[in-house]
Amino acid sequence: MHTWVAINLPKYSYLPGELHAWSTFPITLTDIKLLDGLTNAKAAEYLIRDGPNALTPPPTTPEWIKFCRQLFGGFSVLLWTGAILCFLAYAIQAATEDDPAGDNLYLGIVLTAVVVITGCFSYFQEAKSSKIMESFKNMVPQQALVIREGEKVQINAEEVVGGDLVEVKGGDRIPADIRVVSAHGCKVDNSSLTGESEPQSRSPDCTHDNPLETRNLAFFSTNCVEGTARGIVICTGDRTVMGRIATLTSGLETGKTPIAKEIEHFIHIITGVAVFLGLTFFILAIILGYSWLEAVIFLIGIIVANVPEGLLATVTVCLTLTAKRMAKKNCLVKNLEAVETLGSTSTICSDKTGTLTQNRMTVAHMWFDNQIHEADTTEDQSGASFDKSSVTWLSLARVAALCNRAQFKAGQDQLPILKRDVAGDASESALLKCIELSCGAVRAMRDKNKKVAEIPFNSTNKYQVSHRLYYRCDLNDNRYLLVMKGAPERILDRCSTILIQGKEQPMDEELKESFQNAYMELGGLGERVLGFCHVMMPEDQYPKGFAFDTDDVNFQTDNLCFVGLMSMIDPPRAAVPDAVGKCRSAGIKVIMVTGDHPITAKAIAKGVGIISEGNETVEDIAARLNIPVSQVNPRDAKACVIHGTDLKDLSQDQMDDILRNHTEIVFARTSPQQKLIIVEGCQRLGAIVAVTGDGVNDSPALKKADIGVAMGISGSDVSKQAADMILLDDNFASIVTGVEEGRLIFDNLKKSIAYTLTSNIPEITPFLLFIIVNIPLPLGTITILCIDLGTDMVPAISLAYEAAESDIMKRQPRNPFRDKLVNERLISIAYGQIGMIQALGGFFAYFVILAENGFLPTQLVGIRLNWDDRSVNDLEDSYGQQWTYEQRKIVEFTCHTAFFVSIVVVQWADVIVCKTRRNSVFQQGMRNKILIFGLFEETALAAFLSYCPGMDVALRMYPLKPSWWFCAFPYSFLIFVYDEVRKLLIRRNPGGWVERETYY
Amino acid sequence: MASTEDKPATKENTSSWKDSFYNPRTGEVMGRTASSWALILLFYLVFYCFLAGMFALTMWVLLISLDDYVPKYQDRVPHPGLVIRPNSLDMSFNKSDPLKYVQYVKHLESFLQRYNDSQQDNNEDCPRGEYFLQDDTEDMNKKACLFKRGFLSLCSGLSDTNFGYSEGKPCVLLKMNRIIGLKPRGDPYINCTVKKEGPIQMQYFPSEGRIDKMYFPYYGKKAHENYVQPLVAVKLLLTKDDYNKELPVECRVEGTDLRNNDERDKFLGRVTFRIKVVE
């Protein structure tokens, strides 16, 4: 028996050209008639051989590896080293001393806890944002109708195997790549694969060499919009076209995000400083005659002081906050770091359909009464309208309404017309909505004019004409009305008269030329133009009850009366031109990459400002000057439209040349691979590229891009999977919000880091002086941790809420090679200037406390040896009093507390000066409520740590006398004044020395 | 193709790496020209000089706010510590080997130099059993009460220059830390105990280990230049049974309101030391 098993599908290795072979494989009609489908046994066998018909999910990093990365990445290595050294020091002490001090063990445990807690924190933050994807997972299993052993069975789409005979109907998702063997009016929407939104018809004929273009192949996960088709499964799962794109996507290596690079750069600097200082002082300590143990303890102290323990958590929190803010503005961020990437973006490669446009055909122009009229294409009908009083318009509306199979789906009467769902193809829906909007009640019009006969639009019908006949029910008029629509030139051929101002006039050459001009003009706008005509059939020839035969046309189809043209386009979204303009002023190049026709693409590009007014392409210049394209100097044209087929022939250099020399570029008719090439080309030129897209075909480019932006409504699962960010409202304008937020967070992270790093100096210097001049330790490791992980946290985070200083959308995107997150100027300010003032403030408090307790500064130098000697219990102070070890240690810890409080006091001023980088605080204002909260919070925390009973045991922090809080006030004030003066100089002398050396 | 591209890139990198130290084309050292370096260094010099000035100013304000005689706050030293001489909490020596104990003897000897009669003769012989208050005098310089070595009798090092170490009955001196203005109530005396089965005989000098009140209050280093702390000597009358054993000795200040049982500070009004005499 001859069944489809006879095709005997070989092992599926998807070689190039194979798909082509499938589309041209000879299948005869007899084969189809004999069709019984696979036997169940064969199907089971194939299922085992080829595996289930599903896409292999992209490989994911196991959770424990992600966790370990958080635990051992960044500064953690340094802190782990510190912790291990602590344990080691304790072990040595325990081995050599009878009663070892628990300090090192305690510190080791604290450090370990810090690493683990910050690691867990970052891990959970990351995990939370990556969970966003789960909400998009489609949990409903797809079903497929297959024919096996001659019977139709509904099975899970995953069980479909190669060779299966499947049946699809309108509304179904195509379960696998299939070769169509029979079809009835079948149309598929390949937009998720090719980006082309127009449904394409499917038939058993092989019409094209290109498998993606040929009519007899339908692809996995595309949708059948209408009609029915039967087909034989040729590929399943990862071997499908969709599967191969998905595999290509997951195989792409993506680089680190710009912010990740910046943070890494910054960690390198800080780690370098920490290791350098640590080792230098370790060696110095050995040379100065300290024991190994002491030197190791110094090393730990220097490491702890150098590492801003809380900073990475702060950065994570800042990014999370921005991500949340962006989610409110419809930008859902999957990968936290992508928040900033958008801000660094210098090129946006945008998809057209759905992102820049509304993704629905809309009537844009009409030509009647020898004049072009503009229809309102805005989403909210806020645009201007045309004169609707013309009789010709009423006729045109009638033709358009009657000669139209589209209709509103039931039960949507309360919805605005534009939001209603329509059954029917895109152009007819557009016409329906247009007429319903301007004339209303299409249904009533149709009820009044009953359809008698119809010749539907037929692709095999070479006339490209669809016409319908309607019986006109007017009581005093028994004539039949013939209405016809179709390609304008075909319609014109059939017309001998034309309706002008409601009057039929003979079609003369002048009017014909006028028609031609209008047609060309509308076509040039990238719009799809339809012609409309009608005729009142004479009652004598076609009396009531005349039998119209649509197969063998027995009625008049010539000498009709031309009514007008209507042209449709998928119009740009209202907010897009503004958004594109903002991108441009923000120095971001917007490139349109679409699968659509060049003319449509160009028209939309002009409409939204991607090709700005007055800019011409090479072709435009050639047309204006009336010279061949080859004679135009390509440098004269700022804009260009590049066809996918041309792109194929371009060398890498030519590609670079185009991307470099044209500011306004449109790529039309591009394939997924070409999108990838475009993205790579931009990246090669050093751009940070954002790609928007919704289709599966976009996903490789989305993945390759520095930031992939998928569409939340129209986007396919594969594209969402590949993207870093999802636009919930599919609106390009949301990207601009994203860019703004991204830039703001980059600026604010700088401020936040400057703030956090500043307190490193007052943390390190006590240790250095302790080692070099042998004074009692002014600041302990525990107190350092209290600053880094306690008081500094909220103010540092609050800087993420800081408003922009100037219009950040008016400046150029940052240059990733030059504009670093942390640069030498930031270090110079934080470490060399503000940090030093802070350190002095801390030391002053330290000297005050020691002096007021009896130890004058002059006595302190060199006192350390006796001070830290447990057996010296009668250490004499400057007044002759004698102190036991424990008594003077309490004074020392009080100094630590005071030093800590002083850092809090100088950090008040620091957080206020870090609010701005250029403006004065008086210009910026103190509107950041979180920051004000942060000021109070850190003060309250410092007071709590100092005064809470039990802190002397837990953290060795002691209550301070109120006057000691004021020691650092002059320094706090100095910081404020110093930085205000510095910023004043920056503003006064733009580009001057102060700016060059201190503007970070 | 990739490799041909990489080569010039790496070459450029190495040269730029060298350039970051010294770039002969622009004359830049570490990314700055000489004048740029000079300017930034000058800035930092001026800036730090200014900061130093500011710091000096605040320190000056601090120092002039301080009293020369009494520290501003004394709440961190409410109670005196108790320390011993020789300054070792773990004494161990062979009574028949002078080399082993000579360090202790020398230490005691040098410590007692200030208590020599030649030094103490200038000091007052104050009335016993009363605080020697001098608050009413205009003169900031206060007089000190004398404490002669002789008060320590057998442990004075005058009669027995070896402080009993050679005979296996070592002397240990105890003193209370000086605290300005401290006036202990009651009659302070030192009491030592040995945590051991049988009690050990001890001799206290002055008798009963008393610390006379006339040595209080202390008026500070500047005002009370000749002040000497009262001492209590304890002579451990060890017997043969006690040799070759490590004896933990605890001494406390008793009979006053001074703390001698602080949990954290083991030297507040008490001291614990170990002594081991080898025969």
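The rules behind these values
- Residues numbered from 1 in each chain as written.
- Chains lettered and ligands numbered in written order.
- Predicted model: local features only at pLDDT ≥ 70, side-chain atom pairs only at ≥ 80, totals over all residues.
- Heavy atoms only, no water.
- UniProt positions renumbered as here; feature names shortened; annotations may be inferred.
- Contact = heavy atoms within 4.5 Å.
- Buried area = accessible area lost by both parts, 1.4 Å probe.
- Salt bridge = Lys/Arg side-chain N within 4 Å of Asp/Glu carboxyl O.
- Polar contact = N/O pair within 3.5 Å; in protein donor to acceptor, adjacent residues only side chain to side chain.
- Pairing = 2+ DSSP bridges.
- Helix = DSSP H or I, 4+ residues; strand = E, 2+ residues; numbered from the N terminus.
- Disulfide = S-S within 2.5 Å.
- Buried < 20%, exposed > 50% of the residue type's maximum accessible area, 1.4 Å probe, protein only.
- Axes fitted to C-alpha atoms, helices over the stretch in contact; angles between N-to-C directions.
- Left-handed = near helix turned anticlockwise from the far one by under 90°.
- Nonpolar A, V, L, I, M, F, W, Y, C, P; charged D, E, K, R; others polar.
- pLDDT = per-residue confidence, 0-100.
- Core = buried A, V, L, I, M, F, W, Y, C linked by side-chain atoms within 4.5 Å.
- Parallel < 35°, antiparallel > 145°, perpendicular 65-115°, else oblique.
- Phe/Tyr/Trp six-rings, centres within 6.5 Å; stacked < 30°, edge-to-face > 60°.
- Lys NZ or Arg CZ within 6 Å of the ring centre and 35° of its normal.

- Naming follows an unreviewed UniProt entry, where chain B appears as Sodium/potassium-transporting ATPase subunit beta of Cyclopterus lumpus.
- Recorded in UniProt under Function (unreviewed entry), the annotation for chain B is "This is the non-catalytic component of the active enzyme, which catalyzes the hydrolysis of ATP coupled with the exchange of Na(+) and K(+) ions across the plasma membrane. The exact function of the beta-3 subunit is not known."
- According to its UniProt record, chain B has this under Sequence similarities (unreviewed entry): "Belongs to the X(+)/potassium ATPases subunit beta family."

- Named according to an unreviewed UniProt entry, chain A is Sodium/potassium-transporting ATPase subunit alpha originating from Cyclopterus lumpus.
- Quoted verbatim from the Function (unreviewed entry) field of UniProt, the annotation for chain A is "This is the catalytic component of the active enzyme, which catalyzes the hydrolysis of ATP coupled with the exchange of sodium and potassium ions across the plasma membrane. This action creates the electrochemical gradient of sodium and potassium ions, providing the energy for active transport of various nutrients."

**A closer look at the interface of chain A and chain B**
Item 1. Across the contact, 48 residues belong to chain A and 47 residues belong to chain B.
Item 2. Carbon and sulfur atoms make up 58% of the area that chain A and chain B hide from each other, which totals about 4,100 Å².
Item 3. A salt bridge links E852 of chain A to K72 of chain B; its shortest N-O distance comes to 3.3 Å.
Item 4. The interface formed by chain A and chain B includes 22 residue pairs in polar contact (both at pLDDT 80 or more).

**Quick word on the pairing of strand β4 (residues 177–189) of chain A**
All names here are of chain A.
Item 1. Across 10 bridges, β4 lies against strand β7 (residues 223–235) in antiparallel orientation. If you follow I178 over to β7, its bridge partner there is V233.
Item 2. As judged from the 3 bridges shared by β4 and strand β5 (residues 200–202), these two strands associate in the antiparallel manner. Residue K187 lies in a different strand from β5, and its bridge partner there is S201.

**Quick notes on the state of the cysteines**
All names here are of chain B.
Item 1. Applying the stated rule across the entire model yields 3 disulfides over all chains.
Item 2. The residue that forms a disulfide with C126 is C145, at a sulfur-sulfur distance of 2.0 Å. A torsion of -105 degrees about the S-S bond marks the disulfide between C126 and C145 as left-handed. Linking C126 in the loop between α4 (117–120) and β5 (171–176) with C145 in the loop between α4 and β5, this pair joins segments that are 19 residues apart in sequence. Just as C126 is buried, C145 falls in that class too.
Item 3. What pairs with C155 in a disulfide is C171, and their sulfur atoms sit 1.8 Å apart. With the S-S bond torsion at -75 degrees, the cross-link from C155 to C171 turns out left-handed. Of this pair, C155 sits in the loop between α4 and β5 while C171 sits in strand β5, and the two are 16 residues apart along the sequence. Each member of the pair, C155 as well as C171, is classed as buried.

**Quick notes on the packing of helix α28 (residues 781–791) of chain A against helix α35 (residues 929–947) of chain A**
All names here are of chain A.
Item 1. With their axes 11 Å apart at the nearest point, α28 and α35 run at an angle of 145 degrees to one another. In the crossing of α28 with α35, the sense of the turn from one axis to the other is right-handed. Here C786, G790 and T791 of α28 lie close against α35, whose contacting residues are E937, E938, L941, A942 and L945.
Item 2. Here the residues of the contact of α28 with α35 sort into 4 nonpolar, 2 polar and 2 charged.

**Points about the pattern of salt bridges**
All names here are of chain A.
Item 1. Under the definition given, this model contains 52 salt bridges over all chains.
Item 2. Measuring nitrogen to oxygen at the nearest pair gives 3.4 Å for the salt bridge that ties E63 to K66. Remark: K66 and E63 occur in helix α4 (residues 63–72); sequence separation between them is 3 residues, near one turn of the helix.
Item 3. For K66, a relative accessible area of 30% puts it in the partly exposed group.
Item 4. Each of E294, R864, D868, K889 and E892 takes part in a single network of salt bridges with overlapping partners.

**As for the confidence of the model for chain B**
Residues and elements named next belong to chain B.
Item 1. Confidence along chain B averages 86 in pLDDT terms, with 92% of residues attaining 70 or more.
Item 2. Mean pLDDT in chain B bottoms out at helix α1 (residues 2–19), which sits at 47, and peaks at helix α2 (residues 34–65), which reaches 94.
Item 3. Note that residues 1–13 has pLDDT below 50 and, in this model, 0 contacts with residues that lie over four places away or in other chains.
Item 4. With pTM at 0.84, the complex prediction returns an ipTM value of 0.92.

**Concerning the pairing of strand β16 (residues 480–486) of chain A**
Residues and elements named next belong to chain A.
Item 1. Counting buried residues in β16 gives 7 out of 7 residues, a clear majority hidden from the surface.
Item 2. Burial along β16 is two-sided: the residues Y480, L482, M484 and G486 and L481, V483 and K485 are all buried.
Item 3. Pairing of β16 with strand β19 (residues 528–536) involves 6 bridges; the strand directions are antiparallel. Paired with L482 across the strands is V535, a residue of β19.

**Description of the nonpolar core**
Residues and elements named next belong to chain A.
Item 1. With 233 residues, the main nonpolar core has F732 and F900 as its most contacted residues.
Item 2. Broken down by element, the residue count for this core peaks at 18 residues, all from helix α30 (residues 824–852).
Item 3. Those residues in contact with F732 that sit more than four places away from it in its chain are I348, S350, T355, L356, V576, A579, V580, C583 and V590.
Item 4. Grouped together as the second largest cluster of nonpolar side chains are 33 residues, A400, L402, V483 and M566 included.

**A short note on the packing of helix α11 (residues 311–328) of chain A against helix α26 (residues 732–758) of chain A**
Residues and elements named next belong to chain A.
Item 1. Relative orientation of the contacting elements α11 and α26 amounts to 155 degrees, with a least axis distance of 10 Å. Overall, the two elements α11 and α26 adopt an arrangement that is roughly antiparallel. In this structure, α11 crosses over α26, and the sense of that crossing is right-handed. Between α11 and α26, the contacting residues are L311, T314, V315, C318, L319, T322, R325 and M326 on the first element and G738, E741, I745, L749, S752, I753 and T756 on the second.

**Examining the packing of aromatic side chains**
What characterises a pair of aromatic rings is the spacing of the ring centres plus the angle enclosed by the ring planes.
Item 1. For the structure on display, the rule yields 42 aromatic pairs over all chains.
Item 2. One aromatic cluster is present, built from ring pairs that chain together Y978 and W993 of chain A together with F43, Y44, F47 and Y48 of chain B.
Item 3. Between the NZ or CZ atom of R420 of chain A and the centre of the ring of F408 of chain A, over which it lies, the distance is 5.2 Å.
Item 4. Geometry around F151 of chain B places R128 of chain B over its ring, the cationic atom sitting 5.9 Å from the centre.

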